[in-house]
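Next come the chains, spelled out residue by residue.
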Amino acid sequence: MIRRVLAAAGVIALAVGVASSAGAADDAKTVTITPSTEAWYQPNPTCGLPVGCVTPASVLALLPVPVPVDLPAVPLTVPLSPYPTGTMHVAYTGGRETARAYLTIPHDKLDGEIVSASLEIPLDTSPASGSAVPQNARVQVCTFSSDIAAIEGSIENPPFTLCTDGPELKYEATPKPRLHASLNSIRDALRTTSGIALVPNADAVTATDAWHVAFSTHDRKGATGPAVLTASVRPVAEEPAAEEEIVDELPSFDEFDPGLDSGLDFGSALVPELPVDGDDLGGDVAAPVTPASTTVESGYAYGVVWLLPLVLLLLVPIIARSLTKDLRVS
Amino acid sequence: MKPTSRFGDPATPSLLLFAAIAAGGFVAIGIGWKVAARTLVVAYQVPAIVSGCIGGLALVVIGASLFAAQLNRRWAAREQAEYDALLQAASAAVVRRRK
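Note that this is a predicted model, so its numbers are computed, not measured.

### Observations concerning the side chain of Gln140(A)
Residues and elements named next belong to chain A. Here Gln140 shows up in strand E6 (residues 139-144). Given the relative accessible area of 11%, Gln140 is considered buried. Polar side-chain contacts of Gln140 include one of 3.2 Å to the backbone oxygen of Cys163. A polar contact of 3.1 Å, which involves the side chain of Gln140, links it to the backbone oxygen of Gly166. For Gln140, the contacting residues outside a window of four places in its chain are Cys163, Gly166, Pro167, Glu168, Ala197, Leu198, Val199 and Asn201.

### Observations concerning the pattern of salt bridges
Close approach of charged atoms allows side chains with opposite charge to pair. Residue and element names in this part refer to chain A. Here the structure, examined in full by the defined rule, presents 8 salt bridges over all chains. A salt bridge links Arg234 to Glu113; the nearest nitrogen and oxygen atoms lie 3.4 Å apart. Residue Arg234 is located in strand E13 (residues 228-234), and its partner Glu113 is located in strand E5 (residues 113-122); the two are separated by 121 residues in the primary sequence. With a shortest N-O distance of 2.5 Å, Glu168 and Arg138 are connected by a salt bridge. In this pair, Glu168 is assigned in the loop between strand E8 (161-162) and strand E9 (170-172) and Arg138 in the loop between E5 and E6, connecting sequence segments 30 residues apart. Counted as one network, the salt bridges with shared partners bring together Glu120, Glu172 and Arg178.

### Some thoughts on the environment of Val139(A)
All names here are of chain A. As for its position among the elements, Val139 is in strand E6. Taking the relative accessible area as the measure of exposure, Val139 reaches 1% and is therefore buried. Put simply, Val139 and Arg100 are 39 residues apart on the chain and 9.3 Å apart in space, counted from C-alpha to C-alpha.

### Remarks on the interface of chain B and chain A
How big an interface is tends to be stated in terms of the accessible area lost upon association of its parts. Residue-level contacts link 25 residues of chain B with 19 residues of chain A. When chain B packs against chain A, close to 2000 Å² is buried across both sides, 68% of that on carbon and sulfur atoms. If you sort the residues of chain B by the area they bury against chain A, Arg38(B), Leu40(B) and Arg73(B) come out on top, with a joint share of 25%. In this assembly, chain B and chain A are joined by 0 salt bridges. Summed over the shared surface of chain B and chain A, the result is 4 residue pairs in polar contact (both at pLDDT 80 or more). A per-element tally of the side of chain B that touches chain A places helix H2 (residues 42-98) of chain B first, with 9 residues. The residue makeup of the side of chain B that touches chain A, split by class, is 14 nonpolar, 5 polar and 6 charged.

### Focus: the nonpolar core
Proteins that are soluble and globular tend to have nonpolar side chains buried together. Residues and elements named next belong to chain A. Ranked by internal contacts, the top residues of the largest apolar core, which has 36 residues, are Leu119, Ile121, Val139, Leu169 and Leu198. Once residues lying within four places of it in the same chain are set aside, the contact partners of Leu169 are Leu119, Ile121, Val139, Val141, Leu179, His180, Ala181 and Leu198. Within the second largest apolar cluster, 9 residues are counted, among which are Tyr41, Tyr102, Ile151 and Val199.

### Comments concerning the packing of aromatic side chains
Residues and elements named next belong to chain A. Considering all chains together, one arrives at 4 aromatic pairs over all chains under this definition. Consider the rings of Trp40 and Tyr83, whose centres lie 5.9 Å apart with planes at 45°: the pair is tilted. Pair noted here: Trp40 is in strand E2 (residues 37-41) and Tyr83 is in the loop between helix H2 (56-61) and strand E3 (87-93), with a separation of 43 residues, a long-range link. Among the residues examined, Tyr83 registers a relative accessible area of 25% and is labelled partly exposed.

### Section: the confidence of the model for chain B
Mean pLDDT over chain B stands at 88; residues scoring 70 or higher make up 93%. Here the predicted complex carries an ipTM of 0.78, next to a pTM of 0.51.

### Quick word on the pairing of E2(A)
Residues and elements named next belong to chain A. The element E2 is largely enclosed, with a buried count of 5 among its 5 residues. Burial of E2 is two-sided: the residues Thr37, Ala39 and Tyr41 facing one way and the residues Glu38 and Trp40 facing the other way are all buried. Sheet analysis places E2 next to strand E4 (residues 96-104), joined by 5 bridges and oriented antiparallel. Bridge pairing in E4 links Thr37 to Thr104. Judged from the 3 bridges that link them, E2 and strand E7 (residues 151-154) form a sheet pairing that is parallel. Bridge pairing in E7 links Ala39 to Ile151.

### Quick notes on the state of the cysteines
Residue and element names in this part refer to chain A. Following the criterion strictly, the structure yields 1 disulfide over all chains and no others. Here Cys142 pairs with Cys163 through a disulfide, and the sulfurs are 2.0 Å apart. With the S-S bond torsion at 100°, the cross-link from Cys142 to Cys163 turns out right-handed. Of this pair, Cys142 sits in strand E6 while Cys163 sits in the loop between E8 and E9, and the two are 21 residues apart along the sequence. Cys163 sits in the partly exposed class, given a relative accessible area of 26%.

Reading the values: rules and limits
- Here the residue numbers are simple positions, counted from 1 along each chain's written sequence.
- The order in which chains are written sets their letters, starting at A; the order in which ligands are written sets their numbers, starting at 1.
- With pLDDT at 70 or above as the cut-off, local features in this predicted model cover only qualifying residues; side-chain atom pairs require 80 or more to be listed or tallied, and sums for whole chains, interfaces and linings still use all residues.
- Where side-chain values are given, they derive from all heavy atoms of the structure, hydrogens and water being excluded.
- Secondary structure follows DSSP: runs of H or I at least 4 residues long count as helices, runs of E at least 2 residues long count as strands, and numbering of each begins at the N terminus.
- The buried label applies to any residue whose accessible area, calculated with a 1.4 Å probe on protein chains only, is under 20% of its type's maximum; exposed applies above 50%, and partly exposed to all values in between.
- In the analysis that follows, any N or O atom pair within 3.5 Å is treated as a polar contact, provided that within protein one partner can donate a hydrogen and the other can accept it, and provided that, for residues neighboring in sequence, both atoms belong to side chains.
- What makes two residues a contact is simply this: any of their non-hydrogen atoms within 4.5 Å.
- Note on definitions: salt bridges are taken to be side-chain nitrogens of Lys or Arg within 4 Å of carboxyl oxygens of Asp or Glu.
- Throughout, the accessible surface (probe 1.4 Å) given up by two parts as they are put together, summed over both, is called the buried area.
- Asp, Glu, Lys and Arg are counted as charged, while Ala, Val, Leu, Ile, Met, Phe, Trp, Tyr, Cys and Pro are counted as nonpolar; the rest, among them Gly, fall into the polar class.
- By nonpolar core we mean a set of buried residues, namely Ala, Val, Leu, Ile, Met, Phe, Trp, Tyr and Cys, connected to one another through side-chain atoms within 4.5 Å.
- Geometry of aromatic contacts follows a simple scheme: Phe, Tyr and Trp rings, the Trp one being its six-membered ring, pair when their centres are within 6.5 Å, and the pair is stacked under 30 degrees between planes, edge-to-face over 60, tilted otherwise.
- Note on scores: pLDDT gives the predictor's confidence for each residue, bounded by 0 and 100.
- Two strands pair if DSSP finds at least two bridges between them.
- In this description, the term disulfide denotes a pair of cysteine sulfurs within 2.5 Å.

See the structure below:
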């Protein structure tokens, strides 16, 4: 009898669990999100100079006179994109990264528990847009937690990225060239970070790789569509409000006696005296630190070419003998 | 003196050598093209173009020039041999006449 009761209770519990999970799955809704802001960064081309990297901010700091405050606001980041406006780029060439893209993901549609997520990026394969062998691209999805401005080809330092568990995008040619990846490994980070960054996969690229992928921003007209993030979001159940009885049990603020008259001396407030003018700073403002240029040693791709002079040296007498040989046939 | 050659024609080995030099030039052009197309960095493309493409073009020109020169020498040698044979036949006919 007891066994029958326990068996029946187990079946009922299993049925309730299945029903609840089914009901929970039905609560998840699929949302599609396009980035609200896109930006792509490239290495500073002046970093190879003997003076080091030159940025607009460092140039302004070297001016003998300060910039008048009534001048119109000049953006400190000068865009240097040689590609069409409205295109984002991720590229790797000659053993180093030459472009990376940042996409800010709006969180208004991610209000809930993200069950699954995927990213699809339609590619602009036109050579005029900079695309080169996108099928060889090794692009990794990372996350970042900074605010970015919509800029193309910025040479400023890009925001820091976190690439742990970041999936790699896979190239698919049909029906249209695109990059696709499942973001389940970083779905929790999609709600807590500013967005995703597309960078060359440092663990997969080799020194001889050379590829360049280009895709459109969300506001580019008449071209391939922008990157689309598809997520299955399950709304989180609201927690019940705390009971008022608990609040009433806390003592009121008026009843709290901090004992200020007990004679304890907390000392004067630790407020530093700020200087009134710039002379108190004790000298000129230090110039921005510029990273030293790095040198990459690259060997010879075809070392056997060094034997060519010897081969030519042997060929010269052979050719001379051939050109002076009697060619009459008996 | 009758020049002997494994190929029958004494010009054949040198013609093959010069053709191989021209073919090597085309191969060098192809290698330079492949290396230049593999990268987007101009600093890496320039050596490939100079060594492979321009060097290969030089080999093609040199090989083709030597091949043409050797071919002309071969035709001239055959013509000379025909003239020599004709002169020998004429000389033999004169000797027989005198006898």
